[in-house]
Amino acid sequence: MSGRTENEITIAAPLDLVWDMTNDLENWPQLFSEYAAVEVMKREGQKTTFRLTMHPDDNGKVWSWVSERTTDRQGRNVRARRVEPGPFQYMDIRWEYSEVPGGTRMHWRQDFAMRPDAPVDDAWMTDNINRNSRVQLELIRDKIEQRDRERRSASVPAN
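As a further point, take the overall build of the chain. A tally of regular secondary structure across the chain gives 3 helices and 7 strands. Listed N to C, the secondary structure of the chain is β-α-α-β-β-β-β-β-β-α in terms of helices and strands. Its C-alpha atoms give the chain principal-axis dimensions of about 65 × 35 × 30 Å. For the chain, the residues scored as buried account for 40% of the 159 residues in total. Once local pairs closer than 6 in sequence are excluded, the contacts in the chain between residues at least 24 apart make up 50%. Roughly 9,100 Å² of accessible area belongs to the chain as shown, and the carbon and sulfur atoms make up 47% of that amount. Counting 24 positive and 27 negative side-chain charges, the chain places the centres of these two groups 2 Å from one another.

Next up, the structure:
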């Protein structure tokens, strides 16, 4: 069995700003509420290998894993996969960006399967990812829109 989630949001900001902020890995702990730390391990062209560490869960467990992320700015997409899948057999992620009326649409697709010995199954993880993705997308939208407002107001000359 396997799981797939698809979530998206429209951000009232230019694509370049959305791209820059969401692909600035070192600042993910300020962009996402779930990440405590990001350690970039290697950069090769458009591919980055990095370790993500989450804040402790309700039981005090800290989850951490290594992922690879390849950006394609011209194609307006990012492909990522967990190198250390942990409880997943695999986890593949695709981010897509498009200009739409009113801003930028950001779409996340996650394809995965849980290991047979994982503490949860594919259905549980699908629900969990969908619930958390909505929270994170809204936080990201709010932070990027705030940054865009600040940039626009700073560029308006005083009378």
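Once you've had a look at it, read on.
Looking now at the sheet that holds strand S1 (residues 3-11). If you trace the 7 strands from one edge of the open sheet to the other, you get S1-S7-S6-S5-S4-S3-S2, paired in antiparallel fashion. The two strands at the open ends of the sheet, each matched to only one other strand, are S1 and strand S2 (35-44). Averaged over all adjacent pairs, the angle separating strand axes in this sheet is 20°, with direction ignored. In this structure, strand S4 (residues 64-72) lies alongside strand S5 (residues 77-82), joined through 6 bridges in antiparallel fashion. Paired with arginine 69 across the bridge in S5 is alanine 80. In the packing of helix H1 (residues 15-22) onto the sheet, the strands contacted are S1, S4, S5, strand S6 (88-100) and strand S7 (103-114), and the crossing angle to S6 comes to about 155°. Contacts from helix H3 (residues 122-154) reach S1, S6 and S7, with the element oriented near 15° to S1.

Oppositely charged side chains may form a pair once their charged atoms are brought near each other. Inspection of every chain in the model, using the stated rule, returns 17 salt bridges. The closest approach of N and O atoms between aspartate 117 and arginine 115, which form a salt bridge, is 3.1 Å. Under the relative-accessibility criterion, aspartate 117 is labelled exposed at 56%. Given the relative accessible area of 36%, arginine 115 is considered partly exposed. Linked through salt bridges whose partners overlap, the residues forming this network are Arg4, Glu6, Arg109 and Asp111.

Looking now at the layout of surface pockets. A volume near 1,100 Å³ is recorded for the largest pocket. Along the walls of the largest pocket sit 41 residues, with Glu34, Met54, Trp65, Arg82 and Asn128 positioned nearest its centre. Contributing elements (two or more residues each) for the lining of the largest pocket: strand S3 (47-54), S4, S5, S6, S7 and H3.

Among all residues except glycine, the phi angle is most often negative; among peptide bonds, the trans geometry is most common. One non-glycine residue, arginine 76, lies in the positive phi region at around 55°. Relative to the elements of secondary structure, arginine 76 occurs in the loop between S4 and S5. A relative accessible area of 31% means that arginine 76 is categorised as partly exposed.

To continue, consider the packing of H1 against H3. The N-to-C vectors of H1 and H3 enclose an angle of 125°; their axes lie 10 Å apart at closest approach. When the axis of H1 is compared with that of H3, the two are oblique. Between H1 and H3 the crossing geometry is right-handed. Between H1 and H3, the contacting residues are Leu17, Val18, Met21 and Thr22 on the first element and Ile140, Lys143, Ile144, Arg147, Asp148 and Arg151 on the second. In terms of residue class, the contact of H1 with H3 is built from 5 nonpolar, 1 polar and 4 charged.

Inspection of the secondary structure assignment puts tryptophan 63 in the loop between S3 and S4. Between the C-alpha atoms of tryptophan 63 and glycine 86, which are 23 residues apart in sequence, the distance is 9.1 Å. Here tryptophan 63 is in contact with Leu52, Thr53, Met54, Asp57 and Pro87, once residues within four sequence places are set aside. A polar contact of 3.1 Å, which involves the side chain of tryptophan 63, links it to the side chain of aspartate 57.

What counts and how
Residues numbered from 1 in each chain as written. Predicted model: local features only at pLDDT ≥ 70, side-chain atom pairs only at ≥ 80, totals over all residues. Heavy atoms only, no water. Helix = DSSP H or I, 4+ residues; strand = E, 2+ residues; numbered from the N terminus. Buried < 20%, exposed > 50% of the residue type's maximum accessible area, 1.4 Å probe, protein only. Contact = heavy atoms within 4.5 Å. Areas by Shrake-Rupley, 256 points an atom, 1.4 Å probe, with all protein chains shown as cover. Lys, Arg positive; Asp, Glu negative; His and termini not counted. Charge placed at Lys NZ, Arg CZ, Asp CG, Glu CD. Pairing = 2+ DSSP bridges. Axes fitted to C-alpha atoms, helices over the stretch in contact; angles between N-to-C directions. Salt bridge = Lys/Arg side-chain N within 4 Å of Asp/Glu carboxyl O. 1 Å grid on protein atoms, 1.4 Å probe; cavity = no way out; pocket = protein on both sides within 12 Å on 5 of 7 lines; lining within 4 Å. Points joined across faces, edges and corners; volume = space filled by probe spheres on them. Parallel < 35°, antiparallel > 145°, perpendicular 65-115°, else oblique. Left-handed = near helix turned anticlockwise from the far one by under 90°. Nonpolar A, V, L, I, M, F, W, Y, C, P; charged D, E, K, R; others polar. Polar contact = N/O pair within 3.5 Å; in protein donor to acceptor, adjacent residues only side chain to side chain.

None of the figures reported here should be taken as evidence of function without further support.
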